[in-house]
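# Structure assessment
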Amino acid sequence: MAKAKEAKIRKTAVKTYHNYIGGEWVKSASGEWFNNLNPADTTDIVGRFPVSNEEDVNRAVEAAKSAATKWRRTPAPKRAELLFTLGEILRENKEDFTRQMTREMGKVLKEAGGDVQEAIDCTYYTAGEGRRLHGFTTPAEMPNKFAMCVRQPVGICGLITPFNFPMAIPSWKLIPALVCGNTVVIKSGEDVPLSTINLVKACEKAGIPKGVVNIVNGFGEAGASLVGHKDVRLISFTGSTDTGRIIAEQCARDNKIVSLEMGGKNAIIVMDDADIDNAVEGSLWGAFGTSGQRCTASSRLVVHKKIYKKFCDKLVEKVKQLRVGNGLDPKTEVGPVINEAAMEKILGYIHIGKNQDKATLACGGNRLTKGDYAKGYFIEPTVFTNVKPGMRIEQEEIFGPVTSVVPFATLDEAIDIVNGVKYGLSSAIYTQDVNNAFHAMQELYTGICYVNSATIGAEVHLPFGGTKGTGNGHREAGTQVLDIFSEWKALYIDYSGKLQKAQIDAVEI
Ligand code: UN1
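Quantities reported herein were computed from a predicted structural model and do not represent experimental measurements.

### Some points on the nonpolar core
Membership of the largest hydrophobic core comes to 99 residues, with the highest contact counts inside it found for Leu174, Val213 and Phe311. For this core, the element with the most residues is helix H6 (residues 168-179), which contributes eight residues. When we break this core down by domain, the ones giving at least three residues each are domain 1 (10-262 + 471-489) and domain 2 (267-451). The contact partners of Phe311, leaving out residues within four places of it in the chain, are Val270, Ile276, Ala279, Val280, Ser283, Leu301, Val303 and Val405.

### Focus on the domain arrangement of the chain
Domain assignment breaks the chain into domain 1 (10-262 + 471-489) and domain 2 (267-451). The centre of domain 1, based on its C-alpha atoms, is set 31 Å off from the matching centre of domain 2. Contact residues are listed per partner, giving 22 residues for domain 1 and 25 residues for domain 2. Buried surface at the junction of domain 1 and domain 2, summed over both partners, amounts to about 2000 Å²; 60% is from carbon and sulfur atoms. Looking at the side of domain 1 facing domain 2, the largest losses of area belong to Pro39, Ala40 and Glu111, adding up to 25% of the total buried there. Viewed at the interface, domain 2 and domain 1 are joined by one salt bridge. With a closest N to O distance of 3.6 Å, Arg294 and Glu111 form a salt bridge. Only strand E4 (41-50), helix H4 (94-105) and helix H5 (109-127) provide two or more residues apiece to the side of domain 1 that touches domain 2.

### A word on the sheet that holds strand E6 (residues 145-153)
If you walk across this open sheet you meet the three strands as E5-E6-E21, and the pairing is antiparallel. The two strands at the open ends of the sheet, each matched to only one other strand, are strand E5 (136-139) and strand E21 (486-494). Here the average twist between neighbouring strands, direction ignored, is 25°. With four bridges joining them, E5 and E6 adopt antiparallel strand pairing.

### A closer look at the layout of surface pockets
Volume-wise, the largest pocket comes out at about 1100 Å³. Top element by residues in the lining of the largest pocket is helix H9 (residues 241-254). It accounts for seven residues. The residue makeup of the lining of the largest pocket, split by class, is 19 nonpolar, 15 polar and nine charged. Both domains that meet at the lining of the largest pocket, namely domain 1 (10-262 + 471-489) and domain 2 (267-451), each give it at least three residues. Estimated volume of the second largest pocket: approximately 390 Å³. Lining the second largest pocket are 16 residues; nearest its centre among them are Glu111, Trp285, Leu322, Thr332 and Glu333.

Here is what the cut-offs are and how they apply
Residues numbered from 1 in each chain as written. Predicted model: local features only at pLDDT ≥ 70, side-chain atom pairs only at ≥ 80, totals over all residues. Heavy atoms only, no water. Core = buried A, V, L, I, M, F, W, Y, C linked by side-chain atoms within 4.5 Å. Buried < 20%, exposed > 50% of the residue type's maximum accessible area, 1.4 Å probe, protein only. Helix = DSSP H or I, 4+ residues; strand = E, 2+ residues; numbered from the N terminus. Domains from an automatic or database assignment. Contact = heavy atoms within 4.5 Å. Buried area = accessible area lost by both parts, 1.4 Å probe. Salt bridge = Lys/Arg side-chain N within 4 Å of Asp/Glu carboxyl O. Pairing = 2+ DSSP bridges. Axes fitted to C-alpha atoms, helices over the stretch in contact; angles between N-to-C directions. 1 Å grid on protein atoms, 1.4 Å probe; cavity = no way out; pocket = protein on both sides within 12 Å on 5 of 7 lines; lining within 4 Å. Points joined across faces, edges and corners; volume = space filled by probe spheres on them. Nonpolar A, V, L, I, M, F, W, Y, C, P; charged D, E, K, R; others polar.

Shown next as structure tokens:
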């Protein structure tokens, strides 16, 4: 009896979610499911989600194909009207979506709210493109001939999204893809499927036609099938550099468009003329916000040796006071990391920092296991000092609540340190000297650069992306993202009534 009751509770307590294909919420072809766990309390099952395979992806791509012509021919301002409605729906549901995001991803409520807000901002801003999507005209070289350029959609887009910004990053890809007239298949991040489903449900509610937006949930098999599908014209991926490289290779073989946003090893330079307290606050936020799980995280603090000790003392004192815990508790400042594998990787880097690099562990360094902590993936905010350029913790992306403080003597030396990694996403400098600021802005080879602010906090109307190992030259957000999701078409109209040969016929002057 007791057992039956327990089974019933479990059945009703764990909600089941589905794939969205061709306007229907459907099970996966295999009928398999996976549990989505709360990383702050792994006894809390957020929901069960379909494990999708090639068959599911084929169906989703088929649905996207069926919807493509009508959507492409829908005038862009009309497509955008639906997106404005979507923005309204996201705004109305912000609180719910925020709580659900914290529960499945772990980031603290304020930051989850920021994540949903970023999706709202992206939706309103990019929907505005429906009445712009500017092309251009230019003179033709022959008389009585007109030349112009317009954007055309690329076709079916596969969007593969990560765990760390469960609604913002899918929106960065989805909204511009839609405003440009593409249809899409999203493969959600396996640790955060609920937030992406919330976004897709909002699209359904906004009246976006069936088949225009499809979502398959699951793991690598679904992602690989999407990348390998012959009818998918474009892959937009955010995630690890290793996976991105595999995707790029496959896309090169199939001649697909591919846009990649990958790792970072971002740094803040703190000059001896900086406002130290402001720099410490910025470093704290940049390094430990989202438990360091941002591509833009400030995982290196490159500090002038004249103020090095003072800066480190102040920083460590503040880091020790950070409140680690369940993100649903409004007092929490640092939540858990996403899953066990991530926790092991981060602890592995802490071990490397201590034993191989032989940097000084100034604070933190351990998994938290007492009481409720034991149920989740909590790591103490960790600071390494006396870190030297070239050490592994200084070079490799850790993606956790760990930062390294590196001393330097001159600004040019600091710039070399910041640039001396394989990534190039974000950088920052704290200084009160305008010459230092402009020199750094010129020399730091990153896609984003901040002055007197941390390396995180990009806004949606500016381009987002990085140099070197961070990406492949594309930029998301801003109007620049339109260059990913549309292709240029050059149009020539000859109204001379006769054959005119460009480059060959002489034009009388
Ligand atoms: C990411 O880290 O993958 O600039 C995205 C920021 C956020 C987006 C980060 N607006 O930190």
